[in-house]
Structures are given as C-alpha cells and as structure tokens.
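The residues making up each chain are set out below.
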Amino acid sequence: AQTVTQSQPEMSVQEAETVTLSCTYDTSESDYYLFWYKQPPSRQMILVIRQEAYKQQNATENRFSVNFQKAAKSFSLKISDSQLGDAAMYFCAYRSGGGADGLTFGKGTHLIIQP
Amino acid sequence: DTAVSQTPKYLVTQMGNDKSIKCEQNLGHDTMYWYKQDSKKFLKIMFSYNNKELIINETVPNRFSPKSPDKAHLNLHINSLELGDSAVYFCASSQGVAGRTEQYFGPGTRLTVT
C-alpha cells in the first residue's frame, strides 16, 4: 500500500517570504500522480498543484511550485511571496495511475503566515 | 453555481441514531467519492462510485452504506451512529477514474455524535 508522509505538522513564514513544505511517499508503482491540496479554515479542499510521475519537469502554478525528486520519492511544495490568504492546512496526496485507490493523503502541514 | 454540494453542512445527533448525508454534483462527472476527515485532520477514502457502480470500498464498518441513485448523486447512510463516527465527511467527484483526473470536493459535512 502507498503511504504519504508530511513531517512538518506546522510551519510559520513571514508575509512575502518563501516557504517549502515537505512530503515523501512510498510506492512500488511507476505510474502515479502527486497533488497538493489546500484546506483553509472554511474547510473547502482546493487543488493547488498536480505532478505526473512520468514528467521530469516540475509543475508550477503562479507562486506555487514543486520540487519532484522521483528517485528520492520526495515531493515538496514551494510557496513564493507568501500572502495572508495562503494560511491553511496543506495536504500532500498520491494517486495510482489507474486511480482505483482514490487519493492517499498525508497528515497535513498547518501553514501560518506572520504579517 | 455550486459544483459539488452536500446537505446538511452540520449534523448533530445522538449515539444509536441513523442519519444520511446527501451529495450532488452538477459537473456532469461520472465518478463520485466519500472521504472521512477525523479530528486530527487525517483524510481517508471510504467509497467510490463510477457510473453508479461501487469501485472502491475501503475497510469501513458495514453501518456505512453508500447509495448512488444516479451519476449526479451519492448519498451516505450511517446506521447506529457511534461516538467515533464524529468527523467531517467530504464528497468529491471527477470525470473518469484515471489517476490524473482532478477531484472536486464538496464543502464537507461536520457530523457530531453525542
């Protein structure tokens, strides 16, 4: 079974600075997808970014980018120019290429933005 | 406008009761899911339906029974509620079951069992 580990229960960053959230995963599959979801206090789950395992290029969405290290099974999220609205729980998630297992989530990192 | 909606958003009930949570999506998706988020914020897949057929059924007590009357709806019925069932339940939907498909989540239903 796949597992996803987020080793930072909480992170704090000053507004406008850069923060990196860590995620590692364990799988024996070669076809899979990785995701970062954001859950603000409203509790709505919002997809931040997605990475296909077969792509070497790291995904980027505006201020959000990932560092995907396939051999190390590492998938970190970098948030540049942090804004107050970035404060939320961030979940790393894994899904098999076939999708049959649904999303497997890490335990989350609570991100605090200091004004 | 709401893509994935759940009713109710909050549910407070007593142990032993039976309750249902409803989910509807207007995205035209063919696959729907139920996830449970416990008090420590851990999210876990419970069920998934594709074209009204059950395709994922994780180790969940059989007091939980999903029902999909059509592709746009996936309801969750819970019998004989227990204190440990207190959690936030999220419905989600996607087009297809392939791993790359984005899942759209509902707002969640906070269930409190007293």
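Values in this document were obtained by computation on a predicted structure and should not be read as measured data.

So, how was this worked out
- Residues numbered from 1 in each chain as written.
- Chains lettered and ligands numbered in written order.
- Predicted model: local features only at pLDDT ≥ 70, side-chain atom pairs only at ≥ 80, totals over all residues.
- Heavy atoms only, no water.
- Helix = DSSP H or I, 4+ residues; strand = E, 2+ residues; numbered from the N terminus.
- Buried < 20%, exposed > 50% of the residue type's maximum accessible area, 1.4 Å probe, protein only.
- Contact = heavy atoms within 4.5 Å.
- Buried area = accessible area lost by both parts, 1.4 Å probe.
- Salt bridge = Lys/Arg side-chain N within 4 Å of Asp/Glu carboxyl O.
- Polar contact = N/O pair within 3.5 Å; in protein donor to acceptor, adjacent residues only side chain to side chain.
- Nonpolar A, V, L, I, M, F, W, Y, C, P; charged D, E, K, R; others polar.
- Core = buried A, V, L, I, M, F, W, Y, C linked by side-chain atoms within 4.5 Å.
- Pairing = 2+ DSSP bridges.
- Phe/Tyr/Trp six-rings, centres within 6.5 Å; stacked < 30°, edge-to-face > 60°.
- Lys NZ or Arg CZ within 6 Å of the ring centre and 35° of its normal.

This paragraph deals with unusual backbone geometry. For the bond running from B:Thr7 to B:Pro8, omega is -5 degrees, close enough to zero to count as cis. Secondary-structure assignment places B:Pro8 in the loop between strand 1 (4-7) and strand 2 (10-13). Although it is not a glycine, A:Arg43 sits at a positive phi angle of roughly 70 degrees. The topology assignment puts A:Arg43 in the loop between strand 5 (32-39) and strand 6 (46-52). Assessed through its relative accessible area of 11%, A:Arg43 is described here as buried. One non-glycine residue with positive phi stands out, namely A:Asp81, at about 50 degrees. Along the chain, A:Asp81 turns up in the loop between strand 9 (74-79) and strand 10 (88-96).

Turning our eyes to something else, we now look at the interface of chain B and chain A. Residue-level contacts link 25 residues of chain B with 24 residues of chain A. Interface area for chain B against chain A, summed over the two sides, is near 2000 Å², with a carbon-plus-sulfur share of 49%. Summed over the shared surface of chain B and chain A, the number is 1 salt bridge. Here chain B is connected to chain A by 12 residue pairs in polar contact (both at pLDDT 80 or more). Sorting the residues of the side of chain B that touches chain A by element identifies strand 4 (31-37), strand 5 (43-50), strand 9 (87-94) and strand 11 (109-113) of chain B as the ones contributing at least two each. Of the residues forming the side of chain B that touches chain A, the biggest block, 3 residues, is contributed by strand 4 of chain B. When its residues are assigned to classes, the side of chain B that touches chain A shows 13 nonpolar, 7 polar and 5 charged.

What follows deals with the nonpolar core. Residue and element names in this part refer to chain A. Counting 25 residues, the largest nonpolar core has Tyr25, Trp36, Phe75, Leu77, Tyr90 and Leu111 as its most contacted members. For this core, the secondary structure elements donating two or more residues are strand 3 (19-21), strand 5, strand 6, strand 8 (64-69), strand 9, strand 10 and strand 12 (109-114). In terms of residue count, strand 10 provides more of this core than any other element does, 4 residues in total. Ignoring any residue separated from it by four or fewer positions in sequence, one finds Tyr25 in contact with Thr3, Val4, Tyr32, Leu34, Phe68, Lys70, Lys73, Ser74, Phe75 and Tyr94.

Attention now moves to the pairing of strand 9 of chain B. Residues and elements named next belong to chain B. A large share of strand 9 lies buried, amounting to 8 of its 8 residues. Burial along strand 9 is two-sided: the residues Ala87, Tyr89, Cys91 and Ser93 and Val88, Phe90, Ala92 and Ser94 are all buried. With 7 bridges joining them, strand 4 and strand 9 adopt antiparallel strand pairing. Each residue of the ladder has a partner; that of Trp34, found in strand 9, is Cys91. Alignment of strand 9 against strand 11, held across 3 bridges, turns out to be antiparallel.

This part covers the side chain of B:Thr31. Residue and element names in this part refer to chain B. The topology assignment puts Thr31 in strand 4. In terms of polar contacts, Thr31 uses its side chain to reach the side chain of Asp30, at 2.9 Å. Not counting the four nearest positions on each side in its chain, Thr31 is found in contact with Ser48, Tyr49, Asn50, Ala92, Ser93, Ser94, Gly96 and Val97.

Overall, the coordinates contain 14 aromatic pairs over all chains when judged by the stated rule. Measuring from centroid to centroid gives 6.3 Å for B:Phe64 and B:Tyr89, while their planes differ by 35 degrees, and the two rings are tilted. Highlighted residues: B:Phe64 in strand 7 (residues 64-70) and B:Tyr89 in strand 9, separated in sequence by 25 residues. For the residue pair B:Phe64 and B:Tyr89, the accessibility class agrees, reading buried in each case. Linked through ring pairs, A:Phe35, A:Tyr37, A:Phe91, A:Phe105, B:Tyr33, B:Tyr35, B:Phe90 and B:Phe105 together constitute an aromatic cluster. Sitting over the face of the ring of B:Tyr10, A:Arg43 holds its NZ or CZ atom 5.0 Å from the ring centroid.

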